[in-house]
Amino acid sequence: MIQSLRGMNDILSNDYERFEYFISTASTITKRYGFHYIETPLLEETALFKRSVGESSDIVGKEMYQFTDKGGNDVCLRPEGTAGVVRAFVQNKLDKKGGIHRFYYHGSMFRYERPQKGRLRQFHQFGVESFGVDSVYEDALMIMMVADILKALGIGYSLKLNSLGDQNCMPAYREKLIAFIDTCGDAICEDCQRRKSTNPIRVLDCKNQACQNLYTQAPKLLNHLCTGCESDFETLKSILDQHNINYELDTNLVRGLDYYSKTAFEFVSDEIGSQSAIAGGGRYDRLIEFLDGKPTPAVGFALGIERLMELIVMPEPVREGYYLGAMEAESLPLILKAAENFRKTDKAVVEYDAKSLKNHLKGADRINARYCAVIGENERLNNTIWIKDLVEQKESTISLKEGTNE
RNA sequence: GUGGAAUUAGCUCAGUUGGUUAGAGCACUGGUUUGUGGUGCCGGGGGUCACGGGUUCGAGCCCCGUAUUCCACCCCA
């Protein structure tokens, strides 16, 4: 038997209903906030991700499905959604057009990781990107949007918030932190020794207890923000307070993608195992110019659909549509004709085998149909169809001619 | 990429120190006397015990390899 590749799953029947429910709920909400759908290719030039996500990140460094295509191009399956949307934004010259551009998207992402619960090699994200808005109100809008979506889906969460600073204050903080790490010498773990040169901020969320004990003395990012970043961060917090959105500050929250600056946030759930981040995002004001566009402020987020799927509280299923069946084989043509008519406005499913009325009712019940429509000998002779409403438990027999509008 | 655990029916799982024809519940399917569903009662179908080797008179059970899933690390949504 040929099976799907590791970490790549099919989505069918019940799961797909949840999937579709998520997409429609999230799309409806983001559209209310003024966002428009954008579709970008799954395959992009590798350079796009090297320049945006960053070569030092694990995503680009070791997790990309990268290959040379038949034309000799270095390409890869997209490991995340933002880079492609920014590329489209620049390529379509929206940066030069100016103004505000708000997009949402959803689709498959690919990362060559070791799979576990909530971590697949092909997974789905729903994301939002906003271009051209400098105001921190847009950052707050992002968080409110995620909170709205999660609320609509009945999902509990906690929100972690941080500011990463900008090009004025971040480099200075980085120097201070490196200087501090140097004072720790060999007391910190090997991973941290390595992180010191690749991505020093990451040492702050090291899981090693010995390291953590030392880092309590480390300089805090939030204490080293420049005036602009600091006041924006204060504004953001007060907006969230006014909207009753609870958050906890996490000075160690560092997004793993290099393009983030200023606002960074992450929504986590404690109900889905160790892969607990269900949404993450932040501001990335420098990314557009990294990708050769005109400098444009931008902010966005992405939700991990698979991680959300098992948390979604689905609405009660309602009985809908018709089940149709014949009690004798010769009535089947009449049943098909009636079904064709019902389908103009409703769902109609036909059972081909002749069965007893009892079995047809069972069949209708099984597919959760609202109405069970049956033609037996009596109905066939009178050119009628018997219909039972399985919710109201009311029966009626209507003329087949009326029913088919002939 | 590192370490560990698991894999038996469509699903959730039993299966004794290695010993007849591998079981249960749910699901599916049919019947329950003649045209009334969900519950009840009775019956039925369904398994290459993940895959490939090995040990043994004999393997679902022991050993090795492969695949997949899960857990921790790591990473991130």
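Quick notes on the rules
- Residues numbered from 1 in each chain as written.
- Chains lettered and ligands numbered in written order.
- Predicted model: local features only at pLDDT ≥ 70, side-chain atom pairs only at ≥ 80, totals over all residues.
- Buried ≥ 20, exposed ≤ 12 C-beta atoms within 10 Å, placed from the backbone.
- Helix = DSSP H or I, 4+ residues; strand = E, 2+ residues; numbered from the N terminus.
- Domains from an automatic or database assignment.
- Core = buried A, V, L, I, M, F, W, Y, C linked by C-beta atoms within 7 Å.
- Contact = placed C-beta atoms within 7 Å.
- Pairing = 2+ DSSP bridges.
- Axes fitted to C-alpha atoms, helices over the stretch in contact; angles between N-to-C directions.
- Expected span 1.5 Å × (residues − 1).
- Arc of directions from axis to C-beta.
- pLDDT = per-residue confidence, 0-100.
- Left-handed = near helix turned anticlockwise from the far one by under 90°.
- Nonpolar A, V, L, I, M, F, W, Y, C, P; charged D, E, K, R; others polar.

Next up on the list: the pairing of strand 11 (residues 298–304). Within strand 11, seven of the seven residues are buried, which leaves the element mostly enclosed by the surrounding structure. Neither face of strand 11 is open: one carries Ala298, Gly300, Ala302 and Gly304, the other Val299, Phe301 and Leu303, and all of them are buried.

Glancing now at the domain arrangement of chain A. Taken as a whole, chain A is organised into domain 1 (13–169 + 227–309), domain 2 (170–224) and domain 3 (322–403). Each of domain 2 and domain 3 has a C-alpha centre, and these two points are 71 Å apart.

It is worth spelling out the nonpolar core at this point. Core analysis: the largest hydrophobic core is formed by 75 residues, its most contacted members being Met142, Val146 and Leu303. With ten residues, helix 6 (residues 136–152) is the largest single contributor of residues to this core. Of the domains in this structure, domain 1 (13–169 + 227–309) and domain 2 (170–224) are the two that each give at least three residues to this core. Once residues lying within four places of it in the same chain are set aside, the contact partners of Leu303 are Gln125, Phe126, Val146, Ile278, Ala279 and Leu308.

A negative phi angle characterises most non-glycine residues, just as the trans form characterises most peptide bonds. You will see that Asn368, though not glycine, has its phi angle at about 60°, which is positive. Position of Asn368 relative to the elements: it lies in the loop between helix 14 (357–366) and strand 14 (371–375). Although it is not a glycine, Asn383 adopts a positive phi angle of roughly 60°. Locating Asn383 in the fold gives a position in the loop between helix 15 (377–382) and strand 15 (384–389).

This brings us to the sheet that holds strand 3 (residues 66–68). Overall, antiparallel pairing links the three strands, which are arranged 2-4-3 in an open sheet. Both outer strands of the open sheet, strand 2 (43–45) and strand 3, are each paired with one neighbouring strand and no more. Sheet twist, expressed as the mean angle between neighbouring strand axes with direction ignored, is 35°. Pairing analysis gives three bridges linking strand 3 to strand 4 (residues 74–77), with the strands arranged antiparallel. Bridging from a neighbouring strand, Thr68 pairs with Asp74 of strand 4.

The terminal C-alpha atoms of helix 7 (residues 170–184), which comprises 15 residues, lie 21 Å apart, in line with the 21 Å expected from a rise of 1.5 Å per residue. When helix 7 is considered as a whole, its buried residues turn out to be Met170, Tyr173, Leu177 and Ile181. An end-on view of helix 7 places all buried positions within 75° of arc, on one side of the element. For helix 7, exposure combined with an orientation more than 90 degrees from the buried face picks out Pro171, Glu175, Ala179, Asp182 and Thr183. Buried residues along helix 7 sit in contact with helix 8 (190–198) and strand 9 (261–268).

With that settled, consider the confidence of the model for chain A. Low-pLDDT portions of the prediction should not be read for the details of their coordinates. Averaged over all residues, the pLDDT of chain A is 89; the fraction at 70 or higher stands at 98%. Mean pLDDT across the secondary structure elements of chain A bottoms out at helix 16 (residues 400–403), with 66, and peaks at strand 1 (residues 36–37), with 98. The ipTM assigned to the predicted complex is 0.85, against a pTM of 0.89.

The strand order across the open sheet formed by five strands is 13-12-14-15-16, and the pairing between neighbours is mixed. Every interior strand has two partners, whereas the edge strands, strand 13 (348–350) and strand 16 (394–399), have only one. Neighbouring strand axes in the sheet, compared pairwise and without regard to direction, differ in orientation by 25° on average. As paired elements, strand 12 (residues 322–326) and strand 14 share five bridges and run parallel to each other. Residue pairing in the sheet places Gly325 in a bridge with Val374 of strand 14. Docked against the sheet, helix 13 (residues 332–342) engages strand 12, strand 13, strand 14 and strand 15, running at close to 165° with respect to strand 12. Contacts from helix 14 reach strand 12 and strand 14 within the one sheet, and its direction differs from that of strand 14 by about 150°.

Another aspect to go through is the packing of helix 1 (residues 13–32) against helix 6. Following both chains from N to C, one finds helix 1 and helix 6 inclined at 145°, their axes separated by 10 Å at the closest point. In this structure, helix 1 crosses over helix 6, and the sense of that crossing is right-handed. Residues Thr25, Ala26, Ile29 and Thr30 of helix 1 touch helix 6, and the partners they reach there are Met145, Asp148, Ile149 and Ala152. Residues belonging to the contact of helix 1 with helix 6 are distributed by class as follows: five nonpolar, two polar and one charged.

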